[in-house]
Amino acid sequence: MTLLEKIVALSKRRGFIFPGSEIYGGLGGTWDYGPLGVELKNNIKREFWKSMVYERADVVGVDAAILMNPKVWEASGHVEAFADPLVECKICHERLRADQIEEIQKHESTHKGKKPEWTEPRKFNLLVEARLGVVEDKKDKVYLRGEITQGVHVNFKNVLDSTRVQIPFGIAQIGKAFRNEITPGNFTFRSREFEQMELQFYVKPEKGESQKWYEYWKNERMKWYLSLGMDKKKLRFRQHEEGERAHYAKDAWDIEYDSPFGWKEFEGIHNRGDWDLSQHQKHSGVDMTYTDQESASKFLPYIIETSGGVDRAALFFLIDAYYEEKDRVVLKLHPRLAPFKVAVFPLLPNKPELVKKAREVYSLLSTDYGVQPVAWDDRGNIGKRYFAQDEIGTPYCVTVDFQTLDDDTVTIRDRDTMKQERFKIENLEKYFKKKFNH
Ligand code: GAP
């Protein structure tokens with residue numbers, strides 16, 4: 001089994017990620033997050049919001065609608081330019097991305113000795129279309145947003161008018177985006193529905209100023225992934241080449257991860273110049289300029305964007321944390337990302353006094369001490385329970401045994417060192433507060 005196959009199997013077996021609509025044979029490029037996956041994803045999003053919004057005075061957040069007036073996407077250039085060049089196999093008419101040479105070679109080998117000819121590359125738009133309205137035949141075509149970005153830029157004036165932000169400042173957003181990807185694949189890596197976590201940071205339109213903030217945000221975003229435990233050796237920056245950049249970008253650098261399927265992008269940092277605001281100003285007729293408080297000068301700010309994929313981050317955090325050791329598989333996820341923070345066990349499930357005490361510890365931790373969520377397990381022997389928690393990345397297991405009934409102490413077992421220590425129950429709040437830094 002390859003590493004990716006192991007991650008796919010673990011995700012299904014333990015409830016991280018399931019194929020979308022599985023009982024109907026699935027729907028290509030869609031995935032459902034299970035009980036553990038939703039926790040992992042929520043933790044990633046919470047950490048993003050904490051570092052990008054709550055811990056800064058210069059960033060505010062929004063949550064814009066997925067459905068937008070289609071004129072937005074004409075203005076943003078996505079109707080015209082958000083397209084992949086595709087080639088079509090003249091034998092079976094399957095379409096593949098012209099830049100995916102490996103896929104094309106793989107496809108050629110499926111035609112048993114007949115080497116297919118390919119059409120010239122043609123542009124295929126990635127926006128997913130939908131219909132709105134109640135009257136048959138008069139429905140309006142809309143697009144499911146291809147990036148969450150435009151929901152921020154169309155609210156630039158609203159945010160300026162309703163808050164006290166001043167340039168330089170940013171607007172963060174997390175939400176779903178949709179793309180009609182031709183070749184979804186590598187598990188969740190290329191999906192048709194996915195989530196993005198973004199910052200749009202508005203700065204003065206001067207080269208030195210935008211470059212300064214560009215470098216600043218590149219650095220901040222790399223630091224964020226490292227702070228959540230990603231292996232430094234598996235991360236790198238890569239600058240887009242001239243013909244590779246999206247239509248809105250003056251400069252683009254990806255943060256890439258050394259994945260089982262090669263170095264792959266999971267966050268892009270872009271200098272979007274004044275592309276978005278000038279386009280919306282032109283197409284909507286609304287003045288999008290910013291007035292500088294001191295000099296009273298008016299200008300269209302430049303935008304430095306950081307755009308990460310929540311699903312790709314979740315996938316790479318899982319891959320990065322996966323270890324096979326002598327007797328166990330362990331996910332060494334950062335404690336703040338782990339789906340369960342702690343698991344509580346009664347040593348023996350058939351001793352009511354142990355179960356009662358363990359239930360008390362469970363509710364003390366999860367309700368009074370705010371350690372959430374806490375797993376409960378009373379099946380099988382204690383060794384099996386530890387290994388079941390290791391496999392899903394639970395950093396600490398708390399066991400209530402007979403000594404607990406005498407002196408109110410429990411054992412805490414550390415996922416990574418596998419060492420056990422005894423602690424007074426009354427000290428658990430302080431202990432976990434330090435561990436989870438909340
Ligand atoms: N607003 C800029 C923007 O959307 P992008 O480089 O096209 O830029 C940003 O996308 C991030 O969104 C990517 O780095 C990736 O993590 C995620 N992403 C893009 N397409 C994706 C897909 N088909 N499946 C999963 N994640 C995707």
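Look a little higher up for the structure.
A short tour of the structure in this document, coming up. Just so we're clear, the structure is a prediction, and the values are computed from it rather than from any experiment. (Residues numbered from 1 in each chain as written. Predicted model: local features only at pLDDT ≥ 70, side-chain atom pairs only at ≥ 80, totals over all residues. Heavy atoms only, no water.)

1. Considerations on the overall build of the protein
For the record, the criterion: Strands are runs of DSSP state E lasting at least 2 residues, helices are runs of H or I lasting at least 4, and numbering of each runs from the N terminus. For every residue, the accessible area obtained with a 1.4 Å probe (protein chains only) is divided by the maximum for its type, and the residue is called buried under 20%, exposed over 50%, and partly exposed between those limits. Whether two residues are in contact is decided by their heavy atoms: any pair within 4.5 Å suffices. Here, Shrake-Rupley sampling with a 1.4 Å probe gives the accessible areas, and only protein chains in the shown set may cover a residue. The sign given to each residue is positive for Lys and Arg and negative for Asp and Glu; His and the chain ends receive no count. Here the site of a charge means NZ on Lys, CZ on Arg, CG on Asp, or CD on Glu.
Broken down by element type, the protein carries 14 helices and 23 strands. Overall, the C-alpha framework of the protein stretches about 75 × 70 × 50 Å when taken along its three principal axes. Here the protein holds 438 residues, and the buried ones make up 50% of them. Relative to all contacts within the protein whose residues are 6 or more apart in sequence, the contacts with residues 24 or more apart total 64%. Accessible surface, the protein: about 21,700 Å² in total, of which carbon and sulfur atoms supply 49%. The positive charge centre, built from 69 side chains, and the negative charge centre, built from 70, are 2 Å apart in the protein.

2. Considering the state of the cysteines
Here is the rule: A pair of sulfur atoms, both from cysteines and within 2.5 Å, is called a disulfide here.
Throughout the structure, instances matching the rule amount to zero disulfides. Free of any disulfide, Cys92 has its nearest cysteine sulfur in Cys89, 3.7 Å distant.

3. A short note on the pairing of strand S9 (residues 169–178)
What counts, and what does not: Paired strands, in this sense, are two strands between which DSSP finds at least two bridges.
S9 sits mainly inside the fold: nine of its 10 residues count as buried. When strand S3 (residues 59–61) meets S9, the two strands line up parallel, connected through three bridges. What sits directly across from Gly61, in S9, is Ala172. Of the strand pairs in this sheet, S9 and strand S10 (residues 193–203) are connected by 10 bridges, and their pairing is antiparallel. Each residue of the ladder has a partner; that of Lys176, found in S10, is Glu195.

4. Here's the deal with the packing of helix H2 (residues 35–54) against helix H8 (residues 207–227)
What counts is decided by this rule: Think of each axis as a best-fit line through the C-alpha atoms, taken over the contacting stretch in the case of a helix, with angles from 0 to 180 degrees between the N-to-C directions. Note on terminology: angles under 35 degrees are roughly parallel, angles over 145 are roughly antiparallel, angles of 65 to 115 are roughly perpendicular, and the others are oblique. Definitions for this section: a left-handed crossing has its near helix turned counterclockwise from the far helix by less than a right angle. A right-handed crossing has that turn clockwise. Residues are grouped as follows: nonpolar covers Ala, Val, Leu, Ile, Met, Phe, Trp, Tyr, Cys and Pro; charged covers Asp, Glu, Lys and Arg; every other residue, Gly included, is treated as polar.
Axis separation between H2 and H8 bottoms out at 12 Å; the angle between their running directions is 140 degrees. Judged by the angle between their axes, H2 and H8 are oblique. In this structure, the crossing between H2 and H8 has a hand that is right-handed. Contact with H2, carried on its side by Ile44, Glu47, Phe48, Ser51 and Met52, involves Trp217, Arg221 and Trp224 of H8 and no other residues of that element. Residue composition of the contact of H2 with H8, by class: five nonpolar, one polar and two charged.

5. So, the side chain of Gln196
The cut-off we apply is this: Think of a polar contact as two N or O atoms within 3.5 Å of one another; within protein, one of them needs to be a possible hydrogen donor and the other a possible acceptor, and neighboring residues in sequence only count if both atoms come from side chains.
Note on placement: Gln196 falls in strand S10. With a relative accessible area of 7%, Gln196 lands in the buried category. A polar contact is formed between the side chain of Gln196 and the backbone nitrogen of Ile148, at a distance of 3.0 Å. Among all residues touching Gln196, those that are not within four sequence positions of it are Glu147, Ile148, Gln173, Ile174, Gly175, Ala177, Arg179, Ser307, Gly308 and Val310.

6. Digging into the sheet that holds strand S4 (residues 83–88)
Spatial strand order, S5-S4-S6: three strands in an open sheet with antiparallel pairing. Edge positions in the sheet fall to strand S5 (95–97) and strand S6 (122–125), since each of these pairs with one other strand and no more. The sheet shows a mean angle of 50 degrees between the axes of neighbouring strands, direction not considered. Across three bridges, S4 lies against S5 in antiparallel orientation.

7. Description of the sheet that holds S3
With mixed pairing, the seven strands of this open sheet are ordered in space as S3-S9-S10-S16-S13-S12-S11. Edge positions in the sheet fall to S3 and strand S11 (235–239), since each has one partner strand and no second. Each neighbouring strand pair of the sheet contributes to a mean axis angle of 25 degrees, computed without reference to strand direction. Contacting S3, S9, S10 and strand S16 (302–309), H2 runs over the sheet at an angle of about 160 degrees to S9. Sheet strands in contact with helix H9 (residues 275–284) are S10, strand S13 (262–273) and S16, and its direction is about 55 degrees off that of S13.

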